Each structure stands twice: as C-alpha cells, then as structure tokens.
Amino acid sequence: MKLLLHICCGPCSLYPLTRLRKDGLEPVGYFFNPNIHPYMEFERRVNVLMEVSRRLDFSIRWQADYGLDEWMDVIGTARLPVDRCPRCYRMRLEATAREAVAGGFDAFSSTLLYSRYQQHDKIHGVGEELAARFKVNFFYEDFRKGWVEGIEMAKALGIYRQPYCGCMFSERERYLKRANRLGDLLRSADCP
Ligand code: SF4
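The shown structure was predicted, so the numbers you read here are calculated from the model rather than taken from an experiment. (Residues numbered from 1 in each chain as written. Predicted model: local features only at pLDDT ≥ 70, side-chain atom pairs only at ≥ 80, totals over all residues. Heavy atoms only, no water.)

A. View of the site of the ligand. Around the ligand, the neighbouring residues are Asn35, Trp71, Arg84, Cys85, Cys88, Tyr89, Arg92, Gln118, Cys165, Cys167 and Ser170. With 5 residues, helix α4 (residues 81–102) is the largest single contributor of residues to the shell around the ligand. When the residues that make up the shell around the ligand are grouped by side-chain class, the tally is 6 nonpolar, 3 polar and 2 charged. (Near = heavy atom within 4 Å. Helix = DSSP H or I, 4+ residues; strand = E, 2+ residues; numbered from the N terminus. Nonpolar A, V, L, I, M, F, W, Y, C, P; charged D, E, K, R; others polar.)

B. Examining the packing of helix α3 (residues 68–75) against α4 more closely. Contact pair α3 / α4: the axes reach a minimum separation of 9 Å and the direction vectors enclose 130 degrees. Relative to α4, the element α3 lies oblique. Note on packing geometry: the crossing formed by α3 with α4 is right-handed. Residues Glu70, Trp71, Val74 and Ile75 of α3 lie in contact with α4, whose contacting residues are Arg84, Arg87, Cys88 and Met91. Classifying every residue of the contact of α3 with α4 by side-chain character gives 5 nonpolar, no polar and 3 charged. (Axes fitted to C-alpha atoms, helices over the stretch in contact; angles between N-to-C directions. Parallel < 35°, antiparallel > 145°, perpendicular 65-115°, else oblique. Left-handed = near helix turned anticlockwise from the far one by under 90°. Contact = heavy atoms within 4.5 Å.)

C. Focus on the sheet that holds strand β1 (residues 3–6). An order of β3-β2-β1-β4-β5 is seen for the 5 strands of this open sheet, with the pairing classed as parallel. Each edge of the sheet is formed by a strand with only one pairing partner; in this case those strands are β3 (60–62) and β5 (137–138). The sheet contact formed by β1 and strand β2 (residues 28–31) spans 3 bridges and is parallel. Its bridge partner lying in β2, His6 is registered against Tyr30. (Pairing = 2+ DSSP bridges.)

D. Region of the structure containing a negative patch on the surface. There is a patch of like negative charges on the surface, built from Asp65, Asp69, Glu70 and Asp73. Residue placement: Asp69 occurs in helix α3. Looking at Asp69, the relative accessible area reads 57%, which means it is exposed. (Patch = residues over 30% accessible without salt bridge, like charges linked within 9 Å, V, L, I, M, F, W, Y side chains within 5 Å. Areas by Shrake-Rupley, 256 points an atom, 1.4 Å probe, with all protein chains shown as cover. Salt bridge = Lys/Arg side-chain N within 4 Å of Asp/Glu carboxyl O. Lys, Arg positive; Asp, Glu negative; His and termini not counted. Charge placed at Lys NZ, Arg CZ, Asp CG, Glu CD. Buried < 20%, exposed > 50% of the residue type's maximum accessible area, 1.4 Å probe, protein only.)

What follows is the structure, encoded as structure tokens:
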C-alpha cells in the first residue's frame, strides 16, 4: 500500500513510522501545518522534522509555507478547542487527501492519531469523511497505544519536544495558570 502520512511534528512521527515499518509499510511523510505559531516555533519544528527525516531515512514531502493568514481564515472566530481544533484538523487532513490523490497514493493518514491530547475520534471522523469525498482510503490506527514508546524514542534521539500543540491559543492554554499568576502579581501591592 502506498501511504501518505501527514506529519504534525517530528516527535509525533516516531512511533507511527516505526509501527508501520514493522508491518512492512514505508509511508511517505507530508508536512502541512499552518497551525504552528509563531514563526520561530514553526521553523524550529521544521528543523526537528528534517533531522528525524535524515536520521530515520524517512522520505517527506514539504508544504512548508508559513500559512498563518490561511489558517486564521479557516479558524475565523472559533476560539474554544471544541470549535477550533476540528477546523484545524480538517484543513490539514484535506490538504493531505488532495496530495494523496495527486500523488497516486492508495491511502492517507496522520500522526495526529498518535497524540493523547488531540480529539482522536474527531480526527478519525474527519479522515473517513474526506476519504469518501476524495475517493482515497483513510488509514486508521490508534497510535496512542505507543504514546510512551514514542516519547522514549524522542528522548533517545535528543530532539526538541514542544510544550504546546501549535497555535497561539494552545500556547495560551498551556500557560494559563502562569499567566493568571503574573496577572495577580501585577495587580497586587507587591508589584514594584
Ligand atoms: S490546539 Fe492544535 S489542533 Fe487545536 S487549533 Fe490549535 S494547533 Fe490546531
């Protein structure tokens, strides 16, 4: 099977790639992630994935323009994860399905299915829906079972593991308690 595997980031690619290779599959990676902000973080994650590609001999197709405006257009006024993330998944998986069709692949999939922090069932549903629309198979596997193994692999390679999903909203959610503490300090009498 010729499989195009959407890659959300280097660390999340490790377990799915290894797992698929054990079954004799050699996926081609596809990097399309206009959801990663700000630019320096985007560049850093691209560099990490380049390193993974070199060290694991993993072939990757790059759609690596910094698509902040396009992503913002898709997200619109959706701010909460329940509204925002499904739009973000759809944008990235649709691009992958289109690339799979154009490249003559039998199926497409995504390393988003590896993360314990994503809305797994939503990703699965969007993938199946796009498969029907574009007439190309969606390869589904619950890669979350390799969560710990994937983290160990990333540590062994010594690669950067990002602390938030990608967009500025996810960064704010990641550091919300810290931001609240800072706000309290700035409002308090202790602030110089
Ligand atoms: S949290 Fe992640 S999946 Fe959700 S909108 Fe932000 S970048 Fe996309």
